[in-house]
Amino acid sequence: MWRERLTEFSDCLQLGLLVCAASIPVVTVGPAFAAGCRVVSRWRDGESPPMVATFRDEFVRRLRGGIPFSAAVVVAILLLSVDLALLEAGVPGGEFFSALFVVMLVALLVVALRTCSVVAVHQKWIPALRAAARLSLDIRGSALLAGAIVTAGVLVWMQPLMLLLVAGPVTLAAVGTAR
């Protein structure tokens, strides 16, 4: 039994490495997470596909619409991050808006990850974004996914090398909260 759990854990970490490697060109982060979500979905359905080949095929399939999606998400994250940095300069009411922008940033990441987990079903990014926005209204699932995102962020902040591994558990959380 412990070998099965260890195998699942190592598969999750290997998936994190694949997602991280595919995300090196920043505009491919969406297709990388979508491919990772597809692999996890197949695991959940009881299949045991070859991970690298399945990931590669799904990644290539998701590139066309995923690059504009990823670019839009990255631009929104950068804008929120710049706003947060400007608020630290001592603007009146900055504490309130800093907290608000952090919540907006986490909400953006939740919707983006949910979109990546749903895109395997809809095959197109725009319908998947609409479905993910509706799915994000589920407070419990969104809170769990937000918790996974915050935990991953804290782990990467504490130990930057964890960036190579946290994508696997975050992908697992995105698929796990999708149903």
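Since the model is a prediction, treat every value here as computed from it, not as a measurement. (Residues numbered from 1 in each chain as written. Predicted model: local features only at pLDDT ≥ 70, side-chain atom pairs only at ≥ 80, totals over all residues. Heavy atoms only, no water.)

Helix and strand counts for the protein stand at 7 helices and 0 strands. For the protein, the sequential pattern of α-helices and β-strands runs α-α-α-α-α-α-α. By the compact-globule yardstick of 16 Å for 179 residues, the protein fits well, its C-alpha radius of gyration being 17 Å. Taking the principal axes of its C-alpha atoms as reference, the protein extends roughly 55 × 35 × 30 Å. Residues classed as buried in the protein amount to 39% of the 179 residues present. When contacts within the protein are restricted to residue pairs at least 6 apart in sequence, those whose partners lie at least 24 apart make up 69%. (Helix = DSSP H or I, 4+ residues; strand = E, 2+ residues; numbered from the N terminus. Rg over C-alpha atoms; globule rule 2.2 N^0.38 Å. Buried < 20%, exposed > 50% of the residue type's maximum accessible area, 1.4 Å probe, protein only. Contact = heavy atoms within 4.5 Å.)

Close contact between helix α4 (residues 94-122) and helix α6 (residues 139-158) brings their axes to 9 Å; oriented N to C, the two are set at 105°. When the axis of α4 is compared with that of α6, the two are roughly perpendicular. Taking contact as the criterion, the partners of V106, L109, V110, L113 and R114 in α4 are, on α6, G141, S142, L145, A146, I149 and V150. Considering only residue class, the contact of α4 with α6 consists of 8 nonpolar, 2 polar and 1 charged. (Axes fitted to C-alpha atoms, helices over the stretch in contact; angles between N-to-C directions. Parallel < 35°, antiparallel > 145°, perpendicular 65-115°, else oblique. Nonpolar A, V, L, I, M, F, W, Y, C, P; charged D, E, K, R; others polar.)

The next thing to look at is the environment of V106. Mapped onto the elements of the fold, V106 is located in helix α4. With 31 residues separating them in the primary sequence, V106 and V75 have C-alpha atoms 15 Å apart. What V106 contacts, discounting residues up to four positions off in sequence, is A146 and V150.

Along an α-helix, a turn takes 3.6 residues, which lines up residues three or four apart on a common side. If you check helix α2 (residues 29-44), its first and last C-alpha atoms are 22 Å apart, about what 16 residues at 1.5 Å a residue would give, namely 22 Å. Where α2 terminates, the next one or two residues include G46, which has phi positive at roughly 95°. (Expected span 1.5 Å × (residues − 1).)

To continue, consider the environment of E95. Its place among the elements puts E95 in helix α4. Once the C-alpha coordinates of E95 and L84 are considered, the two residues, 11 residues apart in sequence, prove to be 9.9 Å apart.

Before going further, it helps to examine the packing of aromatic side chains. The final tally for this structure, using the stated rule, is 3 aromatic pairs. Judged by centre distance (5.2 Å) and plane angle (75°), the rings of F96 and F97 are edge-to-face. (Phe/Tyr/Trp six-rings, centres within 6.5 Å; stacked < 30°, edge-to-face > 60°.)

Within soluble globular proteins, side chains that are nonpolar generally end up buried alongside one another. If you look at the biggest cluster of nonpolar residues, it comprises 37 residues, and the most contacted ones within it are L15, V19, F33, F55, L113 and L145. Of all the secondary structure elements, the ones that give two or more residues to this core are α1 (2-22), α2, α3 (51-87), α4, α5 (125-135), α6 and α7 (167-176). Aside from chain neighbours lying at most four places away, what touches F55 is L15, L18, V19, A22, A32, A35, G36 and V39. Membership of the second largest hydrophobic core comes to 5 residues, among which are L80, L84, F101 and L105. (Core = buried A, V, L, I, M, F, W, Y, C linked by side-chain atoms within 4.5 Å.)

One number sums up the size of the largest pocket: a volume of about 850 Å³. Listed by contribution, the elements that provide at least two residues to the lining of the largest pocket are α1, α2, α3, α4, α6 and α7. Broken down by element, the lining of the largest pocket gets its largest block of residues, 7 residues, from α4. Class assignment of the residues belonging to the lining of the largest pocket gives a composition of 25 nonpolar, 4 polar and no charged. There is about 240 Å³ of room inside the second largest pocket. T7, E8, F9, D11, C12, V40, W43, R44, E47, S48, P49 and L172 together form the lining of the second largest pocket. (1 Å grid on protein atoms, 1.4 Å probe; cavity = no way out; pocket = protein on both sides within 12 Å on 5 of 7 lines; lining within 4 Å. Points joined across faces, edges and corners; volume = space filled by probe spheres on them.)

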